[in-house]
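Structural features, examined
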Amino acid sequence: MNAYTSFAQVYDNLMDNIPYREGCRYLCQLLQQYGITGGLVAELGCGTGTLTELLAAAGYDMIGIDNAPDMLEIAMEKKSASGSDILYLLQDMREFELYGTVGAIVSFCDSINYLTEPDELVTVFRLVNNYLDPGGCFLFDFHTEYYYRDILGEDTIAEDREEMSFIWENYYDADTKIHEYGLHLFVREQPDLFRKFSEEHYQRAYSLEEIRQALALAGMEYITAYDELSLQPPTETSTRIHVVAREQGKTP
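Just so we're clear, the structure is a prediction, and the values are computed from it rather than from any experiment. (Residues numbered from 1 in each chain as written. Predicted model: local features only at pLDDT ≥ 70, side-chain atom pairs only at ≥ 80, totals over all residues. Heavy atoms only, no water.)

**As for the overall build of the chain**
- A tally of helices and strands in the chain yields seven helices and 11 strands.
- Within the chain, the fraction of its 252 residues that count as buried is 50%.
- In the chain, the proportion of contacts linking residues at least 24 apart, taken out of those at least 6 apart, comes to 65%.
- Just so you have it, the chain exposes about 11900 Å², and 47% of that area is on carbon and sulfur atoms.
- Within the chain, the 43 negative side-chain charges are centred at a point lying 3 Å from the centre of the 17 positive side-chain charges. (Helix = DSSP H or I, 4+ residues; strand = E, 2+ residues; numbered from the N terminus. Buried < 20%, exposed > 50% of the residue type's maximum accessible area, 1.4 Å probe, protein only. Contact = heavy atoms within 4.5 Å. Areas by Shrake-Rupley, 256 points an atom, 1.4 Å probe, with all protein chains shown as cover. Lys, Arg positive; Asp, Glu negative; His and termini not counted. Charge placed at Lys NZ, Arg CZ, Asp CG, Glu CD.)

Here is the structure:
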């Protein structure tokens, strides 16, 4: 899971197509719908803190958790610039620890798919259940097998920008349900000089039923699932699914 380490400085530019503001409005809508109108909220896989800052501005007391120090360094720069009171923790979501319980835990942008073993999924869900207030909510999303198999497939995506260019190579193994992609970035350092960064990433495709089973094994209550950024049920061609789950008692 140790990814996004070498080119964190250009991550936000690379991911400028992610609808963070729309995602924040959507998560706030769900949080309020399930009774979380304020208080402590933790974000798993917070990255450079873009969504964390937006949720803090919306009135939540945010804790951001990520295992990439370079990403958190940028998140801390944003915190200094905004004057927000966010607590950032350098932790792997499979082993994260909080100082107490929180009203909600959120995870955005398919961080859950980086858990490539089903038992890791259960481990994280158990930790979430442990650190939620009684009846607290867990809101997260995940990419579907349809997305990895039929949308990305084995495509290679390339884009040439003014300050950087990238090549994104995809490969999906239907037997293991592992999606592998190589990211190759060429970042301009001088007018005629580019520095190359390369990383390999691995994500696993999960079905909604597998997610529900993992939640049950972790002692959590599955509430509902929605198609991406909507209140509509997911379909066979959903590329991203949002899940709402709830704490329902701690397990030994």
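On we go.
**Side note on the confidence of the model for the chain**
- Of the residues in the chain, 93% reach a pLDDT of 70 or more, and the chain-wide mean stands at 92.
- For residues 1-5, every residue scores under 50 in pLDDT, and the model assigns this stretch 19 contacts once sequence neighbours within four places are set aside. (pLDDT = per-residue confidence, 0-100.)

**Observations concerning the packing of helix α5 (residues 118-131) against helix α7 (residues 208-217)**
- Where α5 contacts α7, the axes come no closer than 8 Å and their chain directions differ by 50°. Taken together, the axes of α5 and α7 are oblique relative to one another. By crossing handedness, the relation of α5 to α7 is classed as right-handed. For the pair α5 and α7, contact is made by L121, V122, F125 and R126 and by I211, A214, L215 and L217, respectively.
- Among the residues making up the contact of α5 with α7, the classes are represented as seven nonpolar, no polar and one charged. (Axes fitted to C-alpha atoms, helices over the stretch in contact; angles between N-to-C directions. Parallel < 35°, antiparallel > 145°, perpendicular 65-115°, else oblique. Left-handed = near helix turned anticlockwise from the far one by under 90°. Nonpolar A, V, L, I, M, F, W, Y, C, P; charged D, E, K, R; others polar.)

**Some words on the pairing of strand β4 (residues 102-107)**
- Of all the six residues making up β4, six are buried; the element is thus mostly covered by neighbouring parts of the structure.
- With five bridges joining them, β4 and strand β5 (residues 132-143) adopt parallel strand pairing. Across the sheet, residue S107 finds its bridge partner in β5, namely F140.
- Since β4 and β5 lie parallel, the crossover through α5 that links them has a hand, and here it is right-handed. (Pairing = 2+ DSSP bridges. Right-handed = clockwise from strand over helix to strand, strands pointing away.)

**Side note on the sheet that holds strand β11 (residues 240-247)**
- If you walk across this open sheet you meet the seven strands as β3-β2-β1-β4-β5-β11-β10, and the pairing is mixed. Each of the sheet's edge strands pairs with one partner strand only, and the pair in question is β3 (87-90) and β10 (220-227). Neighbour-to-neighbour, the strand axes of the sheet open up by a mean angle of 20°, direction not taken into account.
- Sheet topology note: the β10/β11 ladder contains seven bridges and is antiparallel. Bridge pairing links Y222 to A245 in β11.
- Sheet strands in contact with helix α2 (residues 20-33) are β2 (60-66), β4, β5, β10 and β11, and its direction is about 140° off that of β10.
- α7 rests against β5, β10 and β11 of the sheet, and its axis sits at about 160° to β10.

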